[in-house]
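# Survey of secondary and tertiary structure
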Amino acid sequence: MNDIILHLVLIFLLILFALLSIELKDLTKAILSFSIFSIFLAIIFYILGAPYVAVFQLAIYAGAVTVLFLAAMHTIKRRRIE
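Everything in this summary refers to the structure shown in the same document. Just so we're clear, the structure is a prediction, and the values are computed from it rather than from any experiment.

### Thoughts on the packing of aromatic side chains
- Tallying each qualifying case throughout the model produces three aromatic pairs.
- Ring geometry for F17 versus F40: centroids 5.8 Å apart, planes at 20°, classification stacked. A residue pair is termed long-range when its members are at least 10 positions apart, and F17 in helix 1 (residues 2-23) and F40 in helix 2 (residues 27-47) qualify at 23 residues.
- Here F40 falls in the buried class, since its relative accessible area comes to 17%.
- Within the aromatic cluster, the residues linked to one another by ring pairs are F34, F37 and F69.

As structure tokens, this is what we get:
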């Protein structure tokens, strides 16, 4: 019973942060919600018994892609100022 509740809560949070990352107008908040979405997805992968997929999910999406999004956003803001 506890496993079902845990899975439902994680799925709800996953869907919530996925929708937030799409619908938010502020790019910084959208990127933050995308990284939280990626972390929850990695947790779900780990619970389902795929630890390597969870590690790659954390390393690539929650780590590298989020940093690339932030760097691109920083570069775009700098060009608009000049």
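### A closer look at a nonpolar patch on the surface
- Among the surface-exposed residues, L6, I39, I43, I47 and L58 lie close enough to one another that they form a single nonpolar patch of about 370 Å² accessible area.
- Mapped onto the elements of the fold, L58 is located in helix 3 (residues 51-81).

### Focus on the packing of helix 1 against helix 2
- Contact geometry for helix 1 and helix 2: axes closest at 8 Å, N-to-C directions at 155°. It follows that helix 1 is roughly antiparallel to helix 2 by the angle criterion. The element helix 1 and its partner helix 2 pack so that their crossing is left-handed. Counted together, L6, H7, L10, I11, L13, L14, F17, A18, L20 and S21 of helix 1 and A30, S33, F34, I36, F37, F40, L41, I43, I44 and I47 of helix 2 form the full contact between these two elements.

Scoring rules and cut-offs
Residues numbered from 1 in each chain as written. Predicted model: local features only at pLDDT ≥ 70, side-chain atom pairs only at ≥ 80, totals over all residues. Heavy atoms only, no water. Phe/Tyr/Trp six-rings, centres within 6.5 Å; stacked < 30°, edge-to-face > 60°. Helix = DSSP H or I, 4+ residues; strand = E, 2+ residues; numbered from the N terminus. Buried < 20%, exposed > 50% of the residue type's maximum accessible area, 1.4 Å probe, protein only. Patch = residues over 30% accessible without salt bridge, like charges linked within 9 Å, V, L, I, M, F, W, Y side chains within 5 Å. Areas by Shrake-Rupley, 256 points an atom, 1.4 Å probe, with all protein chains shown as cover. Salt bridge = Lys/Arg side-chain N within 4 Å of Asp/Glu carboxyl O. Axes fitted to C-alpha atoms, helices over the stretch in contact; angles between N-to-C directions. Parallel < 35°, antiparallel > 145°, perpendicular 65-115°, else oblique. Left-handed = near helix turned anticlockwise from the far one by under 90°. Contact = heavy atoms within 4.5 Å.

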